[in-house]
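Listed below, chain by chain, are the residues.
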Amino acid sequence: MFRGHASRLLALGGNRLARVGLAGATLALLLAVLAPFLAPHDPTQTDLARHLLPPGLDHLLGTDQLGRDVLSRILFGARVSLTVALLSVVLSVGIGVTLGALGGFFGGWVDGVVMRTVDLVLAVPRLVLLVTVIALLRPSVTAIVLLLALTQWPAPARLIRAEILSLKERDFVEAARALGYSRARILLRHVVPNALSPVLVAATLGVSHTVILEAGLAFLGLGVPLSWGTLLLAGQANLITGAWWLTVFPGAAIALVAIAFNLLGDGLRDALDPRQEGPS
Amino acid sequence: MSALLELQELTVTFPARRGEGPFTAVDGVSFTVARGETLGIVGESGAGKTTLGRAALRLVEPSHGTVRFDGADVGSLDEAGLRRLRRRAQMVFQDPMGSLNPRLRVGQALREVLTVHGTPRERRDRDVAELLRRVELSEDVLEARPHELSGGQCQRVGIARALAVRPELVVLDEPVSALDVSIQAQILNLLLRLQSELALSFLFISHDLAVVHRMSDRILVLREGRVVEEGTPDMVFRQPSHPYTRTLLRAALPQMERG
Amino acid sequence: MSPLLRVADLTVSFPGSHDDAPVVQGVGLTLEAGETLALVGESGSGKSVTALSLVRLLPGAAVVSPESVVEIAGVLAVGPGASEARGLRGGTVGMVFQESAGALNPVRRVGDQLQEVVARHRGLTGGECQAEVLRLLGEVGLPDPPRVANSYAHQLSGGMRQRALIALALAGDPSLLVADEPTSALDVTVQLRVLELIRDLTRTRRLATLLITHDFSVVAHASDRVAVMYAGRVVEEGSAGSVMRNPHHPYTRALLSALPAGGGPKEPLESMPGRMPAPRERRGGCLFRGRCPIARERCGDEPELEPLGEGRARVRCWFPLDASP
């Protein structure tokens, strides 16, 4: 759907901060994908003889109370945290865009059903639901992703619905009707692509939001093993012993990824406006 | 000669909205447009001009009355019939840039019309080139998106898009109101030439009495959804029978006296 | 006596966006009290930028070149050592923009918005201030001023909102009124009455009124003199009636001939080819020569804006039309 926009997306309209964000986000993803090759140690290998070592040559970011290498754990943790964030965002945006677009475009009872469902989902206190269900199901990537997706789709749904409601009134959509285009063509080719920009921006910002949310869940004891949140929680217990590296490095990883996706999201907001593009 | 478009007692009422009652935009309007003829519709904002133009193409559903296109009742057309109507009756809009999808290049937008209406693939490029030639645009614009074009260029693309289906009737809804005087003259001339070359019928909607006078064979003056005056341009100008027409004329007068 | 408004050598550019090419170049105008000058031109002519630079309301990226001078009521508003502009706006200079929802604050009553200006610029308070607000609303021809003062913008019709905006412009008791397309958003019948109001106010209050418009019927209805702008320059300036009846610059002539009222039904219009050059395409010489039917070799040099004779129109053309008196 974004064919032809790829170059513009990558150029990010020459926005320097956004490029930093793109670089940061790409780096985080690369590190996560290549973790097995990059990690100097097995992240689960315990070695009590070498526990709580401060950062040094052997263990660049130190070791934890069981002697596991912190750098390796952060690299493998990136896989967990980013998988949770990306999958849940992709899923929630997928659900939200589909339902919101249908409701906004067709209106009437379709819209009624979609919006009442949105109200229903928003009426459930999300944190309570997450805590309860995860506690029952045992924390796992699948459970957290599904729960996050099922509770987060109303935001993109509302966003795209509002966009579509205003697009429907635009002359180019009226022109498409006058030209005898089918409703499916009008929706998929003329309406939705013009409504996606804010959703894509929101989704990018959603990734950073979810990374932080997952860390919060971990603090409630509901984190997936090895996720950054879980690492942070474990490190916290050792803060009094002076092992700062167990909290500072996972915390920094969370903060840097959140900042990177935030910068990228803000940059996309500018870059996706077709009027920002120079003559081609 | 039989009428190409015929409206009988057409009424369009929009349902009540929050805090407001139902609103009748068009109230019992009847007229005909013959083949090759331009019927000008003039009125101020809120007169119902735009709704009338859209109802004529069944982009808005009338609440009463009938629209006939080439003798057939437009109101009773099924999906397939409506599609055939879209090939014979087209529309050009007021906002030249806003009537084009901002994400589509000019070439894509024109090719899309041809694709949807079944022009064989091998003929599409040739037809697009022919359309550009008709509206006096160079092929350089094919790769441009609307925001890279001037208002006049956008409106030419809008006209080319409407012509792509080879229509017999074009509803022109304020086609030059958003354009500068010198560009307006270019577009009006283009429309006059296209009409004679392609034997088109126009429903020409405008708030500008001078423009409607210049472009039309007959004029309807619309006020609050009703026809208050009808006649040839010179009749309406020389002997306006309705006080409202006289007011409109007085407002436009210093400009009209020139030339 | 010096004129109320004097603009000389006004040159404005937007560095970066147009290769630094000026969008307004060397504009000179004068305007007396009690007189209306229409600045007329198509989009891109520089008329609005000219108006905005008088009161230094240009966007931040704009650069006014150092030789530019704007003098309002004897006070230097733009130029070396110019005074603070904020005192001018709403005070010495009243401004009316195209009527739109945004021109009046939607969440404040019309009367309150007027009171604020009256209080700030005139130092009136309490009952005096309120009385002045009602007087202003009456002066601009609004019926039932107390009711209008108590209304919000959305409760008024377009014509009434535009009158309220004019009252707001008058609240600071200005001597110069700048009206940028004040009637373009209105229906013709309403347009006419608002133009009559502006014309009357100009006479009765001895205002100097600068009217920015693209529409010659507005020029005809409301202005004494007209300056025609093309590609950032004034190309012709003279009394409104004579310029419209007998234009001397080929562009003015072409523009007037392109009006649809100049011929009968289904008659082709006299259209000029091409379009106005964008700032970066302006390459010296007469900028209209690419579209001009009488352009000659000499037009490669830029002509000055010269008077055709004592008390006659000024024209920027080497070969002005109908130049003999």
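Coordinates for the structure precede this section.
A. A look at the overall build of chain C. Summing up its helical and strand segments, chain C has nine helices and 13 strands in all. Relative to the compact-globule value of 20 Å for 325 residues, chain C shows a C-alpha radius of gyration of 21 Å, a close match. Its C-alpha atoms put chain C at 70 × 55 × 40 Å along the principal axes. When the 325 residues of chain C are sorted by exposure, 54% land in the buried category. When contacts within chain C are restricted to residue pairs at least 6 apart in sequence, long-range pairs at least 24 apart make up 64% of them. Carbon and sulfur atoms form 50% of the exposed surface of chain C, whose accessible area is close to 13400 Å². Where the 34 positive side-chain charges of chain C centre and where its 36 negative ones centre are 2 Å apart.

B. Geometry of the interface of chain B and chain A. The interface of chain B with chain A comprises 30 residues on the first partner and 26 residues on the second. A per-residue breakdown of the area chain B buries against chain A is headed by B:Leu59, B:Arg103 and B:Glu112, which together make up 28% of the total. For B:Arg54, the salt bridge identified is with A:Asp171, shortest N-O distance 3.6 Å. In this structure, the connection of chain B to chain A is made through 15 residue pairs in polar contact (both at pLDDT 80 or more). Mapped onto the side of chain B that touches chain A, the elements with two or more residues apiece are helix 2 (79-88), strand 6 (89-92) and helix 3 (106-116) of chain B. The residue inventory of the side of chain B that touches chain A, partitioned by class, reads ten nonpolar, eight polar and twelve charged.

C. Structural view of the pattern of salt bridges. Applying the stated criterion across every chain yields a total of 47 salt bridges over all chains. B:Arg54 is the salt-bridge partner of A:Glu174, the closest N and O atoms lying 3.4 Å from each other. Linking A:Glu174 in helix 9 (residues 171-178) with B:Arg54 in helix 1 (residues 49-56), this pair reaches from one chain into another. A relative accessible area of 9% places A:Glu174 in the buried class. Residues B:Arg134 and B:Glu197 are paired through a salt bridge, measuring 2.9 Å at the closest nitrogen-oxygen approach. Placement of B:Arg134 in helix 4 (residues 121-134) and of B:Glu197 in helix 6 (residues 181-198) is noted, with a sequence separation of 63 residues between them. It is possible to trace a salt-bridge network through shared partners that takes in B:Glu130, B:Arg133, B:Arg134, B:Glu136, B:Arg156, B:Arg193 and B:Glu197.

D. Fine view of the sheet that holds strand 3 (residues 38-42) of chain B. Residue and element names in this part refer to chain B. The mixed open sheet is built from six strands, whose spatial order is 6-7-8-3-9-10. A single partner strand is all that each edge strand has here, and the edge strands are strand 6 and strand 10 (226-231). Shown here is a sheet whose adjacent strand axes are inclined to one another by a mean of 20°, direction ignored. In this sheet, strand 10 lies alongside strand 9 (residues 218-223) in antiparallel orientation, the contact comprising five bridges. When the bridges of strand 10 are listed, Ile219 appears paired with Gly231. Contacts between helix 2 and the sheet are confined to strand 6 and strand 7 (169-173), with strand 6 contributing the most and set at about 60° to the helix.

E. Fine view of helix 3 of chain B. Of all eleven residues that make up helix 3 of chain B, eight are buried, and the element is covered over most of its length. When we look at burial in helix 3 of chain B, the residues that qualify are B:Val106, B:Gly107, B:Ala109, B:Leu110, B:Glu112, B:Val113, B:Leu114 and B:Val116. Lining the buried residues of helix 3 of chain B we find helix 10 (183-219) of chain A together with helix 2, helix 4 and helix 5 (151-163) of chain B. Directly after helix 3 of chain B, the chain includes B:Gly118, whose backbone phi takes a positive value near 80°.

F. Expanded view of the environment of C:Leu192. For C:Leu192, the position within the fold is in helix 6 (residues 188-204). Leaving out residues up to four positions away in the same chain, C:Leu192 has contacts with B:Arg250, B:Ala251 and C:His221.

G. A look at the interface of chain B and chain C. Contacts between chain B and chain C engage 32 residues on the former and 35 residues on the latter. A combined buried area of about 3000 Å² lies between chain B and chain C, and 56% of that area is made up of carbon and sulfur atoms. On the surface where chain B and chain C come into contact, there are one salt bridge. A salt bridge links B:Asp217 to C:Lys266, with the nearest nitrogen and oxygen atoms 2.8 Å apart. For the side of chain B that touches chain C, the elements supplying multiple residues, two or more each, are helix 6, helix 7 (209-215), helix 8 (233-238) and helix 9 (243-257) of chain B. Here the side of chain B that touches chain C gets ten residues from one element, more than from any other, and that element is helix 6 of chain B. Its residues placed into classes, the side of chain B that touches chain C shows 13 nonpolar, twelve polar and seven charged.

H. A look at the sheet that holds strand 8 (residues 176-180) of chain C. All names here are of chain C. Strand order in this open sheet of eight strands is 7-8-9-3-10-11-13-12, and the pairing throughout is mixed. Across the chains shown, the open sheet's two edge strands, defined by having one partner strand only, are strand 7 (93-96) and strand 12 (306-307). By the bridge criterion, six bridges tie strand 10 (residues 225-230) to strand 11 (residues 233-239) in an arrangement that is antiparallel. Of the residues in strand 11, the one forming a bridge with Ala227 is Glu237. This element, helix 9 (residues 250-257), spans strand 10 and strand 11 of the sheet and lies at about 100° to strand 10.

I. Inspection of the packing of aromatic side chains at higher detail. Under the counting rule described, the total for this entry stands at six aromatic pairs over all chains. Ring geometry for C:Tyr230 versus C:Phe288: centroids 5.3 Å apart, planes at 85°, classification edge-to-face. Of this pair, C:Tyr230 sits in strand 10 while C:Phe288 sits in the loop between helix 9 and strand 12, placing them 58 residues apart in sequence. Judged by its relative accessible area of 1%, C:Tyr230 falls in the buried class. When the centroid spacing of 5.3 Å and the interplanar angle of 70° are considered together, the rings of C:Tyr251 and C:Phe288 count as edge-to-face. Within this pair, whereas C:Tyr251 is found in helix 9, its partner C:Phe288 is found in the loop between helix 9 and strand 12, the two being separated by 37 residues in sequence. Residue classification places C:Tyr251 among the buried positions, given a relative accessible area of 0%. An aromatic cluster is present here, built from A:Trp244, A:Trp245 and A:Phe249 joined pairwise through their rings.

J. Seen up close, the packing of helix 10 of chain A against helix 12 (residues 245-271) of chain A. Residues and elements named next belong to chain A. Contact geometry of helix 10 with helix 12 gives a least axis separation of 7 Å together with a crossing angle of 165°. Between helix 10 and helix 12, the crossing angle belongs to the class labelled roughly antiparallel. Where helix 10 crosses over helix 12, the two elements pack in a sense that is left-handed. Mapping the contact onto sequence places Leu200, Val201, Thr204, Leu205, Val207, Ser208, Val211, Ile212 and Ala215 in helix 10 and Ile254, Val257, Ala258, Phe261, Asn262, Leu264, Gly265, Asp266, Leu268 and Arg269 in helix 12.

K. The arrangement of the packing of helix 3 of chain B against helix 5 of chain B in detail. Residue and element names in this part refer to chain B. Packing of helix 3 against helix 5 leaves a shortest axis separation of 9 Å and a crossing angle of 20°. In terms of orientation, helix 3 lies roughly parallel with respect to helix 5. Considering how the two elements wind past one another, helix 3 and helix 5 form a crossing that is right-handed. The segment helix 3 lies against helix 5, with Val106, Leu110 and Val113 engaging Val157, Ala160 and Arg161. Grouping the constituent residues of the contact of helix 3 with helix 5 by class yields five nonpolar, no polar and one charged.

L. Spatial organisation of the environment of C:Cys286. All names here are of chain C. Take Cys286: it is sitting in the loop between helix 9 and strand 12. Taking relative accessible area as the criterion, Cys286 reaches 12% and is therefore assigned buried. Note: C-alpha distance between Cys286 and Cys317 (31 residues apart in sequence) is 7.6 Å.

M. View of helix 2 (residues 16-33) of chain A. Residue and element names in this part refer to chain A. Between the first and last C-alpha of helix 2 there are 26 Å, a value that for 18 residues agrees with the 26 Å anticipated at 1.5 Å per step. If you check which residues of helix 2 are buried, you get Ala18, Gly21, Ala25, Ala28 and Ala32. For helix 2, the angular spread of the buried residues around the axis is 90°, confining them to a single face. Along helix 2, exposed side chains directed more than 90 degrees from the buried face belong to Arg16 and Val33. Residues of helix 2 that are buried sit in contact with helix 3 (35-38), helix 4 (70-106) and helix 12.

What counts and how
- Residues numbered from 1 in each chain as written.
- Chains lettered and ligands numbered in written order.
- Predicted model: local features only at pLDDT ≥ 70, side-chain atom pairs only at ≥ 80, totals over all residues.
- Heavy atoms only, no water.
- Helix = DSSP H or I, 4+ residues; strand = E, 2+ residues; numbered from the N terminus.
- Rg over C-alpha atoms; globule rule 2.2 N^0.38 Å.
- Buried < 20%, exposed > 50% of the residue type's maximum accessible area, 1.4 Å probe, protein only.
- Contact = heavy atoms within 4.5 Å.
- Areas by Shrake-Rupley, 256 points an atom, 1.4 Å probe, with all protein chains shown as cover.
- Lys, Arg positive; Asp, Glu negative; His and termini not counted.
- Charge placed at Lys NZ, Arg CZ, Asp CG, Glu CD.
- Buried area = accessible area lost by both parts, 1.4 Å probe.
- Salt bridge = Lys/Arg side-chain N within 4 Å of Asp/Glu carboxyl O.
- Polar contact = N/O pair within 3.5 Å; in protein donor to acceptor, adjacent residues only side chain to side chain.
- Nonpolar A, V, L, I, M, F, W, Y, C, P; charged D, E, K, R; others polar.
- Pairing = 2+ DSSP bridges.
- Axes fitted to C-alpha atoms, helices over the stretch in contact; angles between N-to-C directions.
- Phe/Tyr/Trp six-rings, centres within 6.5 Å; stacked < 30°, edge-to-face > 60°.
- Parallel < 35°, antiparallel > 145°, perpendicular 65-115°, else oblique.
- Left-handed = near helix turned anticlockwise from the far one by under 90°.
- Expected span 1.5 Å × (residues − 1).
- Arc of directions from axis to C-beta.

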